[in-house]
Amino acid sequence: MDLMVIADNMPAYLAGFRMTAQLTIVAGLGALVIGLTVAAMRVSPLGSLRVFAATYTELLRNMPLTLIFFFAVLVLPQFGVVLPLGYWTAVGCLTAYTSVFVAEAVRSGINAVGVGQAEAARAIGLTFGQSLTSVILPQAVRSVIPPLINVIIALAKNTSVAAGFAVVELTATGRRLAQQNPADVVLVLAGVALFYLVVTIPAGQLANLLERKVAFAR
Amino acid sequence: MSRATSVLYDAPGPLARRRERIGSVVGGLLVLALVGVGAWYAAGRGVFEADRWAVLWDPPKNQSALDVWRSLLVVGLGATLRAAAVAAPLALLLGLVLAVLRTTRLAPVRVAASVVIELFRGLPVLLMMFFALLAFGWSAFAAVIFGLTVYNMAVIAEIVRAGLAALPKGQSEAAAAIGLSRGQTLRLVLLPQALRTMAPSLVAQLVVLLKDSSLGFIVGYSELLKAIQNNAQYFGNASVVALFTVGAGIYLVVNISLSRLALRLQGRTRRTAAPAVDVTAPGPAPRGATTGH
């Protein structure tokens with residue numbers, strides 16, 4: 001056991017952490033955009049869009065992320081689409097996979113607003129736009145934020161799957177360092193775990209805190 | 001979701017209904033057009049040619065269709081289900097124990113249980129599989145089981161905690177009043193009720209566990225994905241589309257049936273037990289339910 005093994009490899013850890021953070025942020029933003037679009041389709045009055053959004057959600061939600069990576073790396077080339085292996089493939093897969101969970105969180109947030117709220121808003125003569133922006137969305141956003149944070153936490157952990165598909169992020173860094181330092185495997189991987197926990201635990205606490213706040217505000 | 005319960009709109013009148021129908025048809029045509037362009041492009045690349053799909057009914061290289069399907073369903077899916085079947089009961093048992101330890105009066109035990117839960121919930125399953133593989137030197141199968149078990153055990157402990165917290169306080173007070181010990185209260189009064197309301201969340205977590213077993217592909221456990229890849233390598237890359245379609249179909253069928261089961265359980269608990277707080281309600285769900293994917 002040699003604690004120096006973590007200090008010695010700090011540059012590698014930090015590079016891995018940066019890649020994990022970058023994947024999380026880029027894929028997270030992409031997933032927010034697509035997820036909001038899908039959620040909007042899902043609650044729209046247009047039946048065909050609802051069906052499309054529901055199918056998209058149901059398909060991606062029930063497939064493992066590994067299968068989606070598998071599709072992008074090994075199946076898409078058969079369709080003549082060859083993605084650059086590594087970073088952008090990972091961003092695409094993580095975005096597609098996470099967008100579904102964003103959409104579900106947003107949809108249930110909108111549905112969690114009591115029907116009476118909108119009815120009351122219409123009864124006092126607010127237009128659709130007014131009732132949406134000053135009555136429904138403020139309440140929906142509040143109950144959507146905690147589950148959304150949990151979705152992003154799950155995304156941060158899911159970036160590790162990219163380690164299996166030629167992206168050197170935290171988990172892949174850990175695997176490489178473990179193979180280089182066979183005497184200190186436990187320590188090396190504990191170092192990797194620490195980098196994940198630094199992000200996931202505070203974010204989880206924040207989600208909890210906000211959730212409790214929302215529960216009181218109701 | 002029926003329109004009548006939507007927060008966003010009034011029940012539409014005849015004019016709005018006609019407009020919606022037109023919009024729906026236009027939107028539908030747009031989606032179909034996009035899918036059509038994709039399919040046309042794929043057909044141009046020969047994706048739908050029969051010989052590429054023949055691997056499913058009349059494979060080349062002197063193999064029978066039975067061999068292919070056996071390798072996918074018995075060997076591949078079998079290995080996936082075996083990992084889930086070993087890990088799920090373990091995770092459930094350890095999760096229950098952790099949740100109970102978290103409610104004991106001994107502060108050190110309580111803190112230790114919380115630390116274990118927070119730790120394993122915050123780490124990627126894949127990292128824990130690598131940990132077992134590289135640090136303990138375990139086999140790929142054991143590593144998959146380890147990763148699935150410790151992660152899901154922590155999530156299930158959270159689900160159980162939420163289920164116990166959702167019970168009315170009167171239940172444990174009444175149990176104490178008739179002289180039951182803390183252990184008896186948990187075993188005879190609280191857990192039977194909580195487990196009922198938690199059943200849907202637990203089944204949903206089983207879907208997550210099953211999906212995560214595909215990480216075995218990365219750590220070298222020969223499960224369903226590996227079976228697809230092996231077949232694709234043997235029969236040539238052109239067959240990968242057909243094989244992938246089957247694999248994705250298997251995952252969809254298994255997971256959607258499990259999700260349906262969860263929904264049905266949810267409907268059932270709502271009817272019979274009518275819990276004060278529905279832990280499984282969609283929306284701002286308990287923590288365990290939303291972090292699991």
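These numbers were taken from a predicted model, which means no experiment stands behind them.

The next subject is the nonpolar core. Counting 146 residues, the largest nonpolar core has A:L23, A:F69, B:L164, B:I218 and B:L243 as its most contacted members. Ranked by residues supplied to this core, first place goes to helix α6 (residues 140-165) of chain B with 16 residues. Dropping the residues within four chain positions of it, A:F69 is found in contact with A:A90, A:C93, A:L94, A:V161, A:A162 and A:F165.

On to the side chain of B:T149. All names here are of chain B. Turning to its location among the elements, T149 is positioned in helix α6. Among the residues examined, T149 registers a relative accessible area of 6% and is labelled buried. Reaching out from T149, the side chain makes a polar contact with the backbone oxygen of I145 at a distance of 2.6 Å. Ignoring any residue separated from it by four or fewer positions in sequence, one finds T149 in contact with A87, L90, A91 and L94.

For the rest of this paragraph, the subject is the packing of aromatic side chains. Evaluated as defined, the whole model comprises 15 aromatic pairs over all chains. Arranged with centres 5.0 Å apart and planes meeting at 75°, the rings of A:Y87 and A:W88 form a pair that is edge-to-face. Given the relative accessible area of 18%, A:Y87 is considered buried. Ring pairs connect the aromatic residues A:F69, A:F70, A:F71, A:F165, B:F217 and B:F244, which therefore count as one cluster.

With that settled, the discussion passes to a nonpolar patch on the surface. A contiguous nonpolar surface patch, about 430 Å² in accessible area, is contributed by A:V81, A:L83, B:W40 and B:Y41. The residue A:V81 is located in the loop between α4 (65-75) and α5 (87-112) in this model. Note on A:V81: relative accessible area 33%, which makes it partly exposed.

What counts, and at which threshold
- Residues numbered from 1 in each chain as written.
- Chains lettered and ligands numbered in written order.
- Predicted model: local features only at pLDDT ≥ 70, side-chain atom pairs only at ≥ 80, totals over all residues.
- Heavy atoms only, no water.
- Core = buried A, V, L, I, M, F, W, Y, C linked by side-chain atoms within 4.5 Å.
- Buried < 20%, exposed > 50% of the residue type's maximum accessible area, 1.4 Å probe, protein only.
- Helix = DSSP H or I, 4+ residues; strand = E, 2+ residues; numbered from the N terminus.
- Contact = heavy atoms within 4.5 Å.
- Polar contact = N/O pair within 3.5 Å; in protein donor to acceptor, adjacent residues only side chain to side chain.
- Phe/Tyr/Trp six-rings, centres within 6.5 Å; stacked < 30°, edge-to-face > 60°.
- Patch = residues over 30% accessible without salt bridge, like charges linked within 9 Å, V, L, I, M, F, W, Y side chains within 5 Å.
- Areas by Shrake-Rupley, 256 points an atom, 1.4 Å probe, with all protein chains shown as cover.
- Salt bridge = Lys/Arg side-chain N within 4 Å of Asp/Glu carboxyl O.

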